[in-house]
Amino acid sequence: MTEETPGFDEHDEPADVSDGAASKKAADAADSAEPSTSEGPAGRAGDASAQNVGLTAELDQVRTALAERTADLQRLQAEYQNYRRRVERDRIAVKEVAVANLLSELLPVLDDIGRAREHGELLGGFKSVAESLETVAAKMGLQQFGKEGEPFDPTIHEALMHSYAPDVTETTCVAILQPGYRIGERTIRPARVAVAEPQPGAQSVKDGVDGPEQPEDSAGDGADTADGTGEGGKDAKSKDSGGPDEG
C-alpha cells in the first residue's frame, strides 16, 4: 500500500514550473527592452550633431566659393573699366592726330589768306570763302599765336632774324614773320619771328652815367704852380724876373 505525501499534488508541480519559466521570460524581455529604450535618444542626438557638422562644412565651402567668385567678378569689372578708359583715351589721341594732320595741310592756305588781308586784297567772294575757312579751322580747335613785343620763348618761337635794340631789356619778338598755330596744348607750328636783344654795352654805359661822381683830384696847388698864379708860381716868377733884393 503506497503512502501519499500530504500536500503534494501531481497536477500542481507543472503549474509551478510553468509559472517560473514565464516569469523568467518576462524578466529577460524587460532586460532586453531596457537598453534599447535608454540608448534611443542618445543615438538620435549623435546623428543630429554629425549632420550639423556636415552642413556647417558644406556652408563654409559655399561661402569660400562665393568669396572667390566675387573677387573674380570685381577684378574683371576693374579690368573692363581700365580697358574702356584706355580705349577712350586712344580714341581722343587718334582724333587729335588726324585733325592736326589735316590742319597742317591747310596752314599754307591760311598764310596766303593772311598775306592777302595785309595787302588789302581780301575782297569780294574770296573774302567770304577765306572767312568761312578760318571759322571752320577755329571750330576744329586751331588757334593762332605770336605777337610783336612778347618775350621770346624757344618752345613756341623760331627765330629767323636777330638784332640789337637799345629799348629792350630782354630777348623780345620785334616782328612776326609767320604766325604759329596750336591745337589745345599741342603746337603744330612754331611762330617764326625776328628777335632783338639789348645792346651789349648799354647796361655798362647806363651804369657809368648814373654812377656816383668821382672825387676831384687835389692838384690845385700843382695847377697854380704851373700857371704861375699860385703861391709857388709867384715865388718862381719873382726869382726869374729878379726882385728888389737882388738889385
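The structure reproduced in this document is the subject of the present report. In this text, all values refer to a predicted model and were calculated from it rather than measured experimentally. (Residues numbered from 1 in each chain as written. Predicted model: local features only at pLDDT ≥ 70, side-chain atom pairs only at ≥ 80, totals over all residues. Heavy atoms only, no water.)

1. Digging into the environment of Gly 114
Along the polypeptide, Gly 114 turns up in helix H1 (residues 12-118). Overall, Gly 114 belongs to the partly exposed group, its relative accessible area being 22%. Taking the C-alpha atoms as reference, Gly 114 lies 9.5 Å from Gln 178; in sequence the two are 64 residues apart. (Helix = DSSP H or I, 4+ residues; strand = E, 2+ residues; numbered from the N terminus. Buried < 20%, exposed > 50% of the residue type's maximum accessible area, 1.4 Å probe, protein only.)

2. Focus: the sheet that holds strand E6 (residues 191-198)
Taken together, the 3 strands give an open sheet; going across it, the order is E2-E6-E3, and neighbouring strands pair in mixed fashion. Either end of the sheet is taken by a strand with one partner, and the two such strands are strand E2 (157-165) and strand E3 (172-178). Adjacent strand axes in the sheet meet at a mean angle of 25°, parallel and antiparallel pairs treated alike. Taken together, the 5 bridges between E3 and E6 define a ladder with antiparallel strand orientation. Opposite Ile 176, over in E6, you have Val 193 as the bridge partner. (Pairing = 2+ DSSP bridges. Axes fitted to C-alpha atoms, helices over the stretch in contact; angles between N-to-C directions.)

3. As for the side chain of Gln 178
With respect to the secondary-structure elements, Gln 178 resides in strand E3. At 2.8 Å, the side chain of Gln 178 and the side chain of Arg 192 are in polar contact. Apart from the residues lying within four places of it in its own chain, the contact partners of Gln 178 are Asp 111, Arg 189, Ala 191 and Arg 192. (Polar contact = N/O pair within 3.5 Å; in protein donor to acceptor, adjacent residues only side chain to side chain. Contact = heavy atoms within 4.5 Å.)

4. A closer look at the packing of aromatic side chains
Tallying each qualifying case throughout the model produces 0 aromatic pairs. Above the plane of the ring of Phe 145 lies Arg 182, whose end atom (NZ or CZ) is 4.2 Å from the centre. (Phe/Tyr/Trp six-rings, centres within 6.5 Å; stacked < 30°, edge-to-face > 60°. Lys NZ or Arg CZ within 6 Å of the ring centre and 35° of its normal.)

5. Here's the deal with the nonpolar core
In this structure, Leu 103, Leu 107, Leu 110, Leu 142, Tyr 181, Ile 183 and Ile 188 are the most contacted members of the largest nonpolar core, which totals 13 residues. Among the elements of the structure, H1, helix H2 (124-139) and strand E4 (180-183) are those that each provide at least two residues to this core. When sequence neighbours within four positions are dropped, the list of residues in contact with Leu 103 reads Ala 137, Met 140, Leu 142, Ile 183 and Ile 188. Counting residues in hydrophobic clusters, the runner-up holds 6 residues, among them Phe 145, Ile 156, Val 193 and Val 195. (Core = buried A, V, L, I, M, F, W, Y, C linked by side-chain atoms within 4.5 Å.)

6. Quick look at the side chain of Arg 189
Mapped onto the elements of the fold, Arg 189 is located in strand E5 (residues 186-189). Within the local environment of Arg 189, its side chain forms a polar contact with the side chain of Asp 111, the two groups lying 2.7 Å apart. Excluding residues that lie within four positions of it along the chain, Arg 189 makes contacts with Leu 107, Asp 111, Phe 145, Gln 178, Pro 179, Gly 180 and Tyr 181.

7. Section: a nonpolar patch on the surface
Taken together, the side chains of Tyr 80, Tyr 83 and Val 87 make up a nonpolar region of the molecular surface, amounting to roughly 310 Å² of accessible area. Relative to the elements of secondary structure, Val 87 occurs in helix H1. Classification of Val 87 as partly exposed rests on a relative accessible area of 38%. (Patch = residues over 30% accessible without salt bridge, like charges linked within 9 Å, V, L, I, M, F, W, Y side chains within 5 Å. Areas by Shrake-Rupley, 256 points an atom, 1.4 Å probe, with all protein chains shown as cover. Salt bridge = Lys/Arg side-chain N within 4 Å of Asp/Glu carboxyl O.)

8. Points about the sheet that holds E4
Spatially, the 3 strands line up as an open sheet ordered E1-E4-E5, and their pairing is antiparallel. Every other strand in the sheet has two partners, leaving strand E1 (142-145) and E5 as the edge strands with one partner each. Shown here is a sheet whose adjacent strand axes are inclined to one another by a mean of 35°, direction ignored. With 4 bridges connecting them, E1 and E4 associate as antiparallel partners. Looking across to E4, one finds that Gln 144 is bridged to Tyr 181.

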